[in-house]
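# Structural overview for review
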Amino acid sequence: MSQTRDELALELKNHIIEYLNLLDMTPEDIKNDEELFGPDLGLDSIDSVELIVLLDREYGIKINNPTEGRKILIDVNTIVDYILANKK
Amino acid sequence: MYITDLKCISAQETYSDKFIKGELNEIKEVTYLALEPNYLEFIPKGLLRRMGKAVRMGIGTGLPLVKAHNNIDGIIIGTANGGLEDCIKFLNQIVEYDEGTLTPTNFVQSTPNAIAGQLALMGGNHSYNITYTNGGTSFENTLLDALLLFEENNAQKLLVGGLEEISDYNYNIDFLANKYKIELISTTDLLQSTSKGTICGEGSNMFILEKEAVNYYAQVLDVEQITYPTQEDLKVILTQLLERQGLKLEDISSVMLGYNGDENHKSWYDFVGNELLPNTTLYTFKQFVGDYRTVSSFAVWLSAHILNESISTKHHFIIREKNNSSTSEKKYHLIYNHFDGVRHGFILLSN
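Residues numbered from 1 in each chain as written. Chains lettered and ligands numbered in written order. Predicted model: local features only at pLDDT ≥ 70, side-chain atom pairs only at ≥ 80, totals over all residues.

## Overview of the overall build of chain A
- Regarding its fold elements, chain A presents four helices and zero strands.
- Secondary structure elements of chain A occur, N-terminal to C-terminal, as α-α-α-α.
- Over its C-alpha atoms chain A spans a radius of gyration of 12 Å, differing by no more than 12% from the 12 Å that the globule rule assigns to 88 residues.
- With respect to the three principal axes, the spread of C-alpha positions in chain A is 30 × 30 × 20 Å. (Helix = DSSP H or I, 4+ residues; strand = E, 2+ residues; numbered from the N terminus. Rg over C-alpha atoms; globule rule 2.2 N^0.38 Å.)

## A word on the interface of chain B and chain A
- Listed per partner, the contact involves 10 residues of chain B and 12 residues of chain A.
- Contributing elements (two or more residues each) for the side of chain B that touches chain A: α1 (45-48) and α4 (104-110) of chain B.
- Grouping the amino acids of the side of chain B that touches chain A by side-chain chemistry returns three nonpolar, four polar and three charged. (Contact = placed C-beta atoms within 7 Å. Nonpolar A, V, L, I, M, F, W, Y, C, P; charged D, E, K, R; others polar.)

## As for the nonpolar core
All names here are of chain B.
- One finds Ile3, Ala146, Leu158, Leu159, Leu209, Val255 and Ile347 to be the most contacted residues of the largest nonpolar core, which totals 92 residues.
- Considering every element that reaches this core, the biggest residue donor is helix α11 (residues 296-307), with eight residues.
- Both of domain 1 (2-210) and domain 2 (218-350) provide at least three residues apiece to this core.
- Setting aside anything within four residues of it in sequence, one finds Ile3 in contact with Phe207, Leu209, Tyr216, Tyr217, Ala218, Val220 and Ala304. (Core = buried A, V, L, I, M, F, W, Y, C linked by C-beta atoms within 7 Å. Buried ≥ 20, exposed ≤ 12 C-beta atoms within 10 Å, placed from the backbone. Domains from an automatic or database assignment.)

## Digging into the confidence of the model for chain B
- For chain B, the average pLDDT comes to 93, and 99% of its residues sit at 70 or higher.
- Overall fold confidence for the complex sits at a pTM of 0.91, while the interface term, ipTM, reaches 0.75. (pLDDT = per-residue confidence, 0-100.)

## Remarks on the pairing of strand β9 (residues 203-210) of chain B
Residues and elements named next belong to chain B.
- In terms of residue burial, β9 counts as a mostly covered element, since eight of its eight residues are buried.
- Both strand β1 (residues 2-9) and β9 contribute to a ladder of seven bridges, which runs antiparallel. Bridge pairing in β9 places Tyr2 opposite Glu210.
- In this sheet, β9 lies alongside strand β6 (residues 157-164) in antiparallel orientation, the contact comprising eight bridges. Following the sheet pairing, Glu164 is matched in β9 by Gly203. (Pairing = 2+ DSSP bridges.)

## Things to note about the domain arrangement of chain B
Residues and elements named next belong to chain B.
- Domain boundaries assigned for chain B yield domain 1 (2-210) and domain 2 (218-350).
- Measuring from the centre of the C-alpha atoms in domain 1 to the corresponding centre in domain 2 gives 22 Å.
- Contacts between domain 1 and domain 2 engage 47 residues on the former and 40 residues on the latter.
- Elements with a contribution of two residues or more to the side of domain 1 that touches domain 2: β1, β3 (31-32), α6 (138-151), β6, β8 (200-201) and β9.

## Focus on the pairing of strand β10 (residues 218-227) of chain B
- Relative to β10 of chain B, β1 of chain B runs antiparallel, the two sharing two bridges. Bridge pairing in β10 of chain B places Ile3 of chain B opposite Ala218 of chain B.

## Focus: helix α5 (residues 114-123) of chain B
- Those residues of α5 of chain B that sit buried are Ala114, Ile115, Ala116, Gln118, Leu119 and Ala120 of chain B.
- Gly124 of chain B occupies a position one or two residues after α5 of chain B and carries a positive phi of about 65 degrees.

## Description of the packing of helix α2 (residues 53-68) of chain B against α5 of chain B
All names here are of chain B.
- Direction vectors running N to C along α2 and α5 enclose 40 degrees, while the axes themselves pass 9 Å from each other. In terms of orientation, α2 and α5 fall into the oblique class. The handedness of the crossing between α2 and α5 is right-handed. Along the contact surface, α2 presents Ala54, Val55, Gly58, Ile59, Gly62, Leu63, Val66 and Lys67, while α5 presents Ala114, Ile115, Gln118, Leu119, Met122 and Gly123.
- Grouping the constituent residues of the contact of α2 with α5 by class yields nine nonpolar, four polar and one charged. (Axes fitted to C-alpha atoms, helices over the stretch in contact; angles between N-to-C directions. Parallel < 35°, antiparallel > 145°, perpendicular 65-115°, else oblique. Left-handed = near helix turned anticlockwise from the far one by under 90°.)

## Observations regarding the packing of helix α8 (residues 231-244) of chain B against helix α9 (residues 266-276) of chain B
Residues and elements named next belong to chain B.
- Interaxial distance between α8 and α9 falls to 11 Å at its minimum, and their mutual angle equals 55 degrees. With respect to each other, α8 and α9 are oriented oblique. Crossing handedness for the pair α8 and α9: right-handed. Across the interface between the two elements, Gln231, Leu234, Lys235 and Leu238 from α8 touch Phe271, Val272 and Leu276 from α9.
- Looking at side-chain class alone, the contact of α8 with α9 contains five nonpolar, one polar and one charged residues.

## Topic: the sheet that holds strand β11 (residues 252-257) of chain B
Residue and element names in this part refer to chain B.
- Across the sheet, which stays open at both edges, the 11 strands sit in the order β5-β4-β6-β9-β1-β10-β15-β14-β11-β12-β13 with mixed pairing between neighbours. The open sheet has two edge strands, β5 (128-132) and β13 (318-320), and neither has a second partner. Direction aside, the axes of adjacent strands within the sheet are offset by 25 degrees on average.
- Relative to β13, strand β12 (residues 281-284) runs antiparallel, the two being bridged by two bridges. Across the sheet, residue Tyr283 finds its bridge partner in β13, namely Ile318.

## Comments concerning the environment of Leu8 of chain A
All names here are of chain A.
- Inspection of the secondary structure assignment puts Leu8 in helix α1 (residues 5-20).
- Given 18 C-beta atoms within 10 Å, Leu8 falls into the partly exposed group.
- Along the primary structure Leu8 and Val80 are separated by 72 residues, whereas in three dimensions their C-alpha atoms are 7.0 Å apart.
- Ignoring sequence-local partners within four residues, the contact set of Leu8 consists of Gln3, Val80 and Ile83.

Next up, the structure:
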């Protein structure tokens, strides 16, 4: 049975928490439309590299173009869209 | 140079004043893990989540001192291994992901000088910044550097420290090399042990050192180190160290020795404590914090409190008490330590 969009979003949030070592956070603390690099989560440029590594390792997706990355790594929704469109 | 402030994280409650007021933790584990404070009180969450244990402990002890003291002319850190756990994670990733996309955090955090660098960045201190990685005498080298900077009038106040973390990697490798005991042994029994090996410990000890001071914990007079010595070599370099200070062996009133329950290397401490300095009070310390390559920094932390008479539990560390015949108020206290019999260091303090 294929993974639903909600299941994928939950899995992605768990990976984000693990890869970025977001202390004391649960998937419920990250809203799907919350800006990852906004004031609440406060991620920075090193985290963007970590997210690119995450997509490569967990979903086999490589982001080589920085301009492309800025459009993908906006929030959980945009990343899920990209995974669904490109997952191998 | 003078110790005017200090901070310590160890397997005991040394971050607060519980340990120096008499609260001793009885530990019976294969490793003596550090009791870490709540870092979130002074390290932003966004930075803390990237820090390995060595960096965390270094920032936890160093940053409060950097923030409490103005005009620090340099940050000098001694660590044999730095953030080794993160280093091994990074190396394993290179293999696991076939030299493909690698995460930068582990690499950034794993270099030994990440601690001094983070202290400079977080404390806004852009002065002299250096890290010594000289195995079992890394901390002795920080003191030597500080002494030279003061002597050449290149500094008035420095942050100096020594730290080490227990990583699975260094523990397993050193364990296979018979450096650590197989059996569980408690703090009470460690020094009476007749088996080989010791207990692996970890911790971070930081000091504010000033060229001149009125109020201070202790004065650091001199430091000396040697690699693969004979016992005669030890006697020669100790005599030279004392002569530089215009002192003789008989002037030393107390010695802190690095006895660690390892039958292999006990004879070094017996030689210094019983043959070179038989008429001194002897202190030990590793039964409470374990052994690691920069543990002489903990010996300095403890000695500073003993010399300053700010510790109520010093009888727990005394294995031989002698009433020194000298009526002088000036007391000379020597620290002698080695790691695995390879690198040996002397640190001379006074009150």
